Amino acid sequence: VSPDLNDADGLEAELRALRPRAVSPEFRAAVGAARPRTPRRPIIARTALAASFLGVVAGSAWMFRTHVEPPEPPRAVDVIAPVSEADLPVSCECRVRFTQKPSRSIETAPGRPSTQSDRPTRGHAVRLDRASTGVVRS
Amino acid sequence: MDQPETLSADWLRAIAPALVLFARQWTSAHGNAEDVVQDVLIRFWREGRHKARDPKPYLFACVKRASLDFRRGESRRARREAEAGRQRIEKADDFLFESAVERDEWRAAVETALAKLPEPQREVLVLKIWGDLTFPEIGEALGISPNTAASRYRYAIEALRTSLAKEVAP
């Protein structure tokens, strides 16, 4: 296979296509071992880098702390069932809507008077599920 | 000034074969050329890398000097060996370039044609084609002007074309 020798660019391209013979593994090992590594940063630069890193971490923690408020417990804001303490049956059905999805199920304390906010039953534990809306049964 | 790229393994992998090919012009075998380049690189990293403004032409210049020194020593060694009655063993597979089997004829033709070029033209051609140096860089490496490098390159390509036309003629 011979190239077109009358084409100057073609001849150069053909010559470039010939790769110089690869160096031996022994050469690579010897030269690689002697090759100096990229110089390490001076101690002042390293200390400054570490300090700035710690600063970023501490700053992030502070920002997180100041911006994240403790989650409010989910509240049932729309209770269909009777809510007066006297009329509250042992069992009731109510529709709830959470203002915020609870991170886990919560259980109301038994024996507490019912209010519109979070305790539609009295004397029975009510489990509020993770669904944002739904029907809960005491 | 530090030149981190001249410390990287990638840089070394890329430039080493071209440096060895350049050294082969004055050394008799691939292994000897590798020895020369190895010495040059180690010296460069220990002493020279902070001095060199542009490491690439500087390294090629160092390789040429070291290869010429090696050739002088090699000819003395060859004389001593000849006197001692020992025969020098030439390796049949001591080729300059990698090539696929179907391109082997072309590779051999290029190697033969290269060997026939006058040394000043050959070294410019090697630096330009396989060392990937610009004419100003070649001038810096060889201590000649960029214009001289360019004209030597043109002569080298022309001579190579003529020589190859004879080599690969059907």
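Residues numbered from 1 in each chain as written. Chains lettered and ligands numbered in written order. Predicted model: local features only at pLDDT ≥ 70, side-chain atom pairs only at ≥ 80, totals over all residues. Heavy atoms only, no water.

J.: Any chance you could break down the confidence of the model for chain B for me, citing the residues and the numbers?
T.: Residues and elements named next belong to chain B. In this model, chain B carries a mean pLDDT of 83, and residues with pLDDT of at least 70 account for 85%. Segment residues 87-92: pLDDT under 50, and one contact once partners within four positions in sequence are set aside and those in other chains are kept. Both scores are given for the predicted complex: the pTM is 0.60, the ipTM 0.79. (pLDDT = per-residue confidence, 0-100. Contact = heavy atoms within 4.5 Å.)

J.: So, the interface of chain A and chain B: which residues are in play, and what are the values?
T.: Facing 29 residues of chain A, the contacting portion of chain B comprises 41 residues. At the boundary of chain A with chain B, total buried surface from both sides reaches about 3200 Å², with 67% on carbon and sulfur atoms. By the criterion of area lost to chain B, the three top residues of chain A are Leu15, Leu18 and Arg21 of chain A, representing 23% of everything that side buries. At the surface where chain A touches chain B, the tally comes to one salt bridge. Residue Asp132 of chain B pairs with Arg16 of chain A through a salt bridge whose shortest N-O separation is 3.8 Å. Linking chain A to chain B there are 10 residue pairs in polar contact (both at pLDDT 80 or more). Those elements giving two or more residues to the side of chain A that touches chain B turn out to be α1 (8-17), β1 (19-20) and α2 (25-34) of chain A. Element by element, the count of residues in the side of chain A that touches chain B is highest for α1 of chain A, at six residues. Its residues placed into classes, the side of chain A that touches chain B shows 16 nonpolar, five polar and eight charged. Direction of pairing for β1 of chain A relative to strand β1 (residues 97-98) of chain B: antiparallel, over a ladder of two bridges. The partner of Arg19 of chain A across the bridge, within β1 of chain B, is Glu98 of chain B. (Buried area = accessible area lost by both parts, 1.4 Å probe. Salt bridge = Lys/Arg side-chain N within 4 Å of Asp/Glu carboxyl O. Polar contact = N/O pair within 3.5 Å; in protein donor to acceptor, adjacent residues only side chain to side chain. Helix = DSSP H or I, 4+ residues; strand = E, 2+ residues; numbered from the N terminus. Nonpolar A, V, L, I, M, F, W, Y, C, P; charged D, E, K, R; others polar. Pairing = 2+ DSSP bridges.)

J.: Residue-level account of the confidence of the model for chain A, with values.
T.: In the predicted model, chain A carries a mean pLDDT of 59, and the fraction of residues at 70 or more is 36%. No element of chain A has a lower mean pLDDT than strand β5 (residues 133-137) of chain A, at 38, and none a higher one than β1 of chain A, at 90.

J.: Explain helix α6 (residues 135-142) of chain B to me, and be specific about the residues and the numbers.
T.: Buried within α6 of chain B we find Glu137, Ile138, Gly139, Ala141 and Leu142 of chain B. Two residues or fewer after α6 of chain B comes Gly143 of chain B, characterised by a positive phi angle close to 70 degrees. (Buried < 20%, exposed > 50% of the residue type's maximum accessible area, 1.4 Å probe, protein only.)

J.: Quick rundown of a positive patch on the surface? Include the residues and the values.
T.: Judged by side-chain charge, Arg76, Arg77, Arg79 and Arg80 of chain B come together as a positively charged surface patch. Judged by relative accessible area, Arg77 of chain B falls into the partly exposed class, the value being 34%. (Patch = residues over 30% accessible without salt bridge, like charges linked within 9 Å, V, L, I, M, F, W, Y side chains within 5 Å. Areas by Shrake-Rupley, 256 points an atom, 1.4 Å probe, with all protein chains shown as cover. Lys, Arg positive; Asp, Glu negative; His and termini not counted. Charge placed at Lys NZ, Arg CZ, Asp CG, Glu CD.)

J.: Describe helix α7 (residues 146-167) of chain B, listing the residues and the values that go with them.
T.: For α7 of chain B, which comprises 22 residues, the first-to-last C-alpha distance of 31 Å matches the rise-based estimate of 32 Å (1.5 Å per residue) to within 8%. Residues of α7 of chain B that are buried: Ala149, Ala150, Tyr153, Ala156, Ile157, Leu160, Arg161, Ser163 and Leu164 of chain B. (Expected span 1.5 Å × (residues − 1).)

J.: Just give me the short version of the nonpolar core, but keep the residues and values in it.
T.: Soluble globular proteins tend to pack their nonpolar side chains together in the buried interior. Leu15 of chain A together with Leu41, Phe60, Leu125 and Trp130 of chain B are the most contacted members of the largest nonpolar core, which has 56 residues in total. The element that contributes the greatest number of residues to this core is helix α1 (residues 9-23) of chain B, accounting for 10 residues. Sequence-distant contacts of Leu15 of chain A, defined by excluding residues within four places in its chain, comprise Trp106, Val110, Ile129, Trp130, Ile157 and Leu160 of chain B. (Core = buried A, V, L, I, M, F, W, Y, C linked by side-chain atoms within 4.5 Å.)

J.: Break down the packing of helix α4 (residues 104-116) of chain B against α7 of chain B for me, citing the residues and quoting the values.
T.: All names here are of chain B. The interhelical angle for the contact between α4 and α7, taken along N-to-C directions, is 135 degrees, at an axis separation of 9 Å. It follows that α4 is oblique to α7 by the angle criterion. As α4 packs across α7, the resulting crossing turns out to be right-handed. Across from Trp106, Ala109, Val110, Thr112, Ala113, Leu114 and Lys116 in α4, the residues of α7 making contact are Leu160, Ser163, Leu164 and Glu167. (Axes fitted to C-alpha atoms, helices over the stretch in contact; angles between N-to-C directions. Parallel < 35°, antiparallel > 145°, perpendicular 65-115°, else oblique. Left-handed = near helix turned anticlockwise from the far one by under 90°.)

J.: Which residues make up the side chain of Thr27 of chain B, and what values go with them?
T.: All names here are of chain B. Inspection of the secondary structure assignment puts Thr27 in the loop between α1 and α2 (30-48). At a separation of 2.9 Å, a polar atom in the side chain of Thr27 contacts the main-chain carbonyl oxygen of Ala23. Every residue in contact with Thr27, bar those within four places of it in the chain, is listed here: Asn32, Ala33, Val36, Phe70 and Glu74.

J.: Can you break down the packing of α6 of chain B against α7 of chain B residue by residue, with the values?
T.: Residues and elements named next belong to chain B. Running from N to C, α6 and α7 point in directions that differ by 105 degrees, and their axes come no closer than 8 Å. Taken together, the axes of α6 and α7 lie roughly perpendicular to each other. Side by side, α6 and α7 meet where Phe135, Pro136, Ile138 and Gly139 of the first sit next to Pro146, Ala149, Ala150 and Tyr153 of the second. Residues belonging to the contact of α6 with α7 are distributed by class as follows: seven nonpolar, one polar and no charged.

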